[in-house]
Amino acid sequence: MRAMILAAGRGERLRPITDTIPKPMVKVGDKELLLWHILKLKKAGITQIIVNSAHLSEKIVSFLKDGADFGVSITHSVEGPTGLETAGGIIKALPFFKGESFLVVNGDTFIDADYSQFIHPLKKGERARIYLVENPEHNSHGDFSLDPQSKLCSRGPQFTFSGVAVYSSAVFEGYPIEKRPLLPIFEKLAQNRELKGELLKGSWFDVGTIERLNNVNTYIKSHNII
């Protein structure tokens, strides 16, 4: 399976850090968020990775290069300074996946987990499988509800979307390359009973504000994560 790391976010709530550093290159512990994801993907056996970028994209491209320094192969999808939003970024990168199912991970998260849990194939009737976490304090209203029997997801208050998902390429085929949010695509899949969900096994953090960044660093230090 190939993977995409979403790294095009501006990171307004992490300013002034993100005035000069792309949000996914902010360090937690001793590594950039992007690098944590790359090393965990590699450990899970995924070495073909595409990374999109927009804000300060040249710094991401310069840091990752072709991925050889990290033992993986990295392709870059540069979107321009304003970005294409989540679905638009995936649509632009779609040729990289050669029509196969693929994994997407949000670059502005930190996940203390084994990434091999994400890479089992989609089952018959699944067009997307999203990974959910318990609602954090900053998203107490939740994003999705999950039927424990069918694993079908619908919009609801039970869980928060982690930003990790496996998609069939067919989900994004036929769309033009333009700014496009992901939520309407999720809603369409849910209506068609094609959106499945699983609970993420591990600890998940959104690194969206200075306070959350400090929380992640405290977690890494207290758990001796290297």
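Up top you'll find the structure we're talking about.
Residues numbered from 1 in each chain as written. Predicted model: local features only at pLDDT ≥ 70, side-chain atom pairs only at ≥ 80, totals over all residues. Heavy atoms only, no water.

*Asks:* Would you mind going over unusual backbone geometry with me for this structure?
*Replies:* Most peptide bonds take the trans configuration, and most residues that are not glycine carry a negative phi. Unusually for a residue other than glycine, K151 sits at a positive phi of about 65°. For K151, a relative accessible area of 41% corresponds to the partly exposed category. Of note in the backbone geometry, R193 takes a positive phi value of approximately 60° without being a glycine. Relative to the helices and strands, R193 resides in the loop between α5 (183–191) and β12 (195–199). With relative accessibility at 56%, the residue R193 sits in the exposed group. (Buried < 20%, exposed > 50% of the residue type's maximum accessible area, 1.4 Å probe, protein only. Helix = DSSP H or I, 4+ residues; strand = E, 2+ residues; numbered from the N terminus.)

*Asks:* Is there a simple way to explain the packing of aromatic side chains in this structure?
*Replies:* For any pair of aromatic rings, the description consists of the separation of the ring centres together with the inter-plane angle of the planes. As enumerated under the stated definition, the model contains 15 aromatic pairs in all. Here a set of aromatic residues connected by ring pairs shows up, and it is made of F96, F97, F102, F144, F161, Y167, F172 and F186. Between R2 and the ring centre of F96, over which it is positioned, the NZ or CZ distance is 4.7 Å. Between the NZ or CZ atom of R155 and the centre of the ring of F144, over which it lies, the distance is 5.7 Å. (Phe/Tyr/Trp six-rings, centres within 6.5 Å; stacked < 30°, edge-to-face > 60°. Lys NZ or Arg CZ within 6 Å of the ring centre and 35° of its normal.)

*Asks:* Could you clarify how one ought to interpret helix α4 (residues 85–93) in this entry?
*Replies:* An α-helix turns once per 3.6 residues; consequently, residues spaced three or four apart project the same way. For α4, the full list of buried residues reads A87, G88, G89, I90, I91 and A93. Elements in contact with the buried residues of α4: β1 (2–7), β4 (48–53), β6 (102–106), β11 (159–167) and α5. (Contact = heavy atoms within 4.5 Å.)

*Asks:* Would you mind going over the side chain of N52 with me for this structure?
*Replies:* Here N52 shows up in strand β4. On the accessibility criterion, N52 (3% relative accessible area) is buried. At a separation of 2.7 Å, a polar atom in the side chain of N52 contacts the main-chain amide nitrogen of A7. Side chain to side chain, N52 and E79 meet in a polar contact 2.8 Å long. With residues up to four places along the chain from it excluded, the contact list for N52 reads M4, I5, L6, A7, A8, S77, E79 and G89. (Polar contact = N/O pair within 3.5 Å; in protein donor to acceptor, adjacent residues only side chain to side chain.)

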